[in-house]
Amino acid sequence: MKLHLVPLRVLLMGGVLALAACASTPQPPLDTLQAADISVASAEKESGAEFAPLEMRTAREKLAAAHAAALKKDDKDMTESRRLADEARADADLATSKARLGKANAVNQELQKNGKALRQETQRNTGG
Amino acid sequence: MKFNNMSSVIRSTFLVAVIGSTGVLLASCAGHETKDPGVTRVRANLTELQSDPKLANRAPVAMKDAADAVSQAEQEQKDPSVTAHLVYLADQKINIARANAQTNFTEEQRKALSEQNSQIQLDARTREADSAKRANNMLQAENDAAAIKSSELKSQADNANMRNNQLQAQSDSINQKNDALQAQLLALEAKKTDRGMVLTLGDVLFSTGRSDLKAGGASKLNRLTTFLAQAPDRTVRIEGHTDNRGGEALNQALSQRRADSVAAYLTGHGIDAQRVTAVGSGYNSPIADNKTEAGRQANRRVEVIISNPAVAAR
């Protein structure tokens, strides 16, 4: 009898411990964090810091905070981490879009300048 | 104290009012959902973007994301911080959609700008080509004018050459004619002398002491007549000569009559009298000895001296 009771007690204790572990360590939002990482990296590649410095800064700050929150143990922290990562991603995406728009505008301005120069040149040529 | 009482009355009244109004607010919350001002704002922003004809259809994916985000933000939440978070996301997504649409619009404008610039360059090149063409045309016209002038000069030169050739041909034919006349003269047994060609008509023409032409001499005179008719620029001097038998006066008169007789024959056959001169020389110009009959026969003669052509005389 004694031999039978010991493994049962061990099993019960293990089960309790496992449940306790589950409750105290919620899963960090890894997918969301990764998506935010990628968005921030690509915004930096698109010169987001040059064309959208404000969005870029908040994206970096929020991303760092999201990672920091993910290291904590609380369920509430995980929710906070997910929200921060989502916002960081939105900020970074906006920085990317603004950078592209800025570049497109620069190209157009260059073209307009060229067109103006061309027009003046040809007018000078035909006038003279 | 009085003041304190007053203020406590006011305070309690205020408290009642606040509680009452809160009750009303809560009641209205329960009636229909309260709109968070952030939610209202993002919906308005989205609507504005969607109704911008310049941007509405230019970034469909980002636009859909923004619309979804706004709808999510509008969902009722127990925790107001969730709404704040969703409103933030919706705000950024609307901004992304606007920026993407503007980028798209800018790129579309770029095409037009590029085309404009190309058109300007094309126009400039066309104008340059036109002016080059005009310059070429002017050069061509000048060249044509020069070519016309040159061909005029050439045709003048050709005309001059042709004229020269004609003159040459005329001259040649004159020379040929002269040569032919020369040959005829030779056939008349004419001899070249300093005075011109001398044709000697022997005594066969006349009987002794007479000046009328014998019939037998006619053929020689006919040839002379033909020759003179063909060579109108030549004149003839006809000299009568005798032997020394008989007196001088007689021979002088006889030689004159014989010369006149030959001249009359020529004028009688169509030769202009102006071209014919008849002279009697008597016996003063013998060509042979008068002592022999043969010599005297040789001295009885009429010489026809044909002048060289006027051109040759010069």
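See above for the structure.
Anyway, here's the lowdown on the structure attached to this text. Since we're looking at a predicted model, the values are computed, not measured.

**Observations regarding the overall build of chain A**
Regarding its fold elements, chain A presents five helices and zero strands. Listing the helices and strands of chain A from first to last along the sequence gives α-α-α-α-α. Counting only carbon and sulfur atoms, one obtains 60% of the accessible surface of chain A, whose full area is about 8,500 Å².

**Digging into the interface of chain A and chain B**
The interface is formed by 27 residues belonging to chain A together with 25 residues belonging to chain B. Buried surface at the junction of chain A and chain B, both sides included, amounts to about 2,100 Å², of which 63% is carbon and sulfur. Counting across the interface, chain A meets chain B through one salt bridge. Asp 79 of chain B is the salt-bridge partner of Arg 83 of chain A, the closest N and O atoms lying 3.8 Å from each other. Summed over the shared surface of chain A and chain B, the number is twelve residue pairs in polar contact (both at pLDDT 80 or more). Of all the secondary structure elements, the ones that give two or more residues to the side of chain A that touches chain B are helix 4 (53–70) and helix 5 (75–127) of chain A. The class makeup of the residues in the side of chain A that touches chain B is seven nonpolar, ten polar and ten charged.

**Digging into helix 2 (residues 30–45) of chain A**
All names here are of chain A. For helix 2, which comprises 16 residues, the first-to-last C-alpha distance of 23 Å matches the rise-based estimate of 22 Å (1.5 Å per residue) to within 8%. Where helix 2 is concerned, the buried positions are Thr 32, Leu 33, Ala 36, Ser 39, Val 40 and Ala 43. All buried residues of helix 2 lie within an arc of 125 degrees about the axis, which places them on one face of the element. For helix 2, the exposed residues set more than 90 degrees away from the buried face come down to Leu 30, Asp 31, Ile 38 and Lys 45.

**Description of the nonpolar core**
Residues and elements named next belong to chain B. Residues Leu 201, Leu 224, Phe 227, Ile 238, Val 304 and Ile 306 are the most contacted members of the largest nonpolar core, which totals 26 residues. Contributing elements (two or more residues each) for this core: helix 4 (80–187), strand 2 (196–201), helix 5 (218–230), strand 3 (236–241), helix 6 (248–268) and strand 5 (301–306). At five residues, helix 6 tops the list of elements feeding residues into this core. Excluding residues that lie within four positions of it along the chain, Ile 238 makes contacts with Ala 259, Val 262, Ala 263, Leu 266, Val 276, Thr 277, Ala 278, Val 279, Val 302, Glu 303 and Val 304.

**Thoughts on the environment of Glu 44 of chain A**
Residue and element names in this part refer to chain A. Relative to the assigned elements, Glu 44 resides in helix 2. Expressed as a C-alpha distance, the spacing of Glu 44 and Ala 99, which sit 55 residues apart in the sequence, is 9.6 Å. Sequence-distant contacts of Glu 44, that is, excluding residues within four places in its chain, are made with Met 56 and Arg 60. Within the local environment of Glu 44, its side chain forms a polar contact with the side chain of Arg 60, the two groups lying 2.7 Å apart.

**Remarks on the environment of Gln 230 of chain B**
Residue and element names in this part refer to chain B. By the secondary structure assignment, Gln 230 is in helix 5. A relative accessible area of 36% places Gln 230 in the partly exposed class. Expressed as a C-alpha distance, the spacing of Gln 230 and Asn 178, which sit 52 residues apart in the sequence, is 10.0 Å.

**Quick look at the sheet that holds strand 3 of chain B**
Residues and elements named next belong to chain B. In spatial order, the strands read 1-2-5-3-4; together these five strands make up an open sheet with mixed pairing. One side of each edge strand has no neighbouring strand; the edge strands of this open sheet are strand 1 (191–193) and strand 4 (276–280). Direction aside, the axes of adjacent strands within the sheet are offset by 25 degrees on average. Relative to strand 4, strand 3 runs parallel, the two sharing five bridges. Bridging from a neighbouring strand, Gly 240 pairs with Gly 280 of strand 4. Set on the sheet, helix 5 makes contact with strand 2, strand 3 and strand 5; between it and strand 2 the angle comes to about 155 degrees.

What counts, and at which threshold
Residues numbered from 1 in each chain as written. Chains lettered and ligands numbered in written order. Predicted model: local features only at pLDDT ≥ 70, side-chain atom pairs only at ≥ 80, totals over all residues. Heavy atoms only, no water. Helix = DSSP H or I, 4+ residues; strand = E, 2+ residues; numbered from the N terminus. Areas by Shrake-Rupley, 256 points an atom, 1.4 Å probe, with all protein chains shown as cover. Contact = heavy atoms within 4.5 Å. Buried area = accessible area lost by both parts, 1.4 Å probe. Salt bridge = Lys/Arg side-chain N within 4 Å of Asp/Glu carboxyl O. Polar contact = N/O pair within 3.5 Å; in protein donor to acceptor, adjacent residues only side chain to side chain. Nonpolar A, V, L, I, M, F, W, Y, C, P; charged D, E, K, R; others polar. Expected span 1.5 Å × (residues − 1). Buried < 20%, exposed > 50% of the residue type's maximum accessible area, 1.4 Å probe, protein only. Arc of directions from axis to C-beta. Core = buried A, V, L, I, M, F, W, Y, C linked by side-chain atoms within 4.5 Å. Pairing = 2+ DSSP bridges. Axes fitted to C-alpha atoms, helices over the stretch in contact; angles between N-to-C directions.

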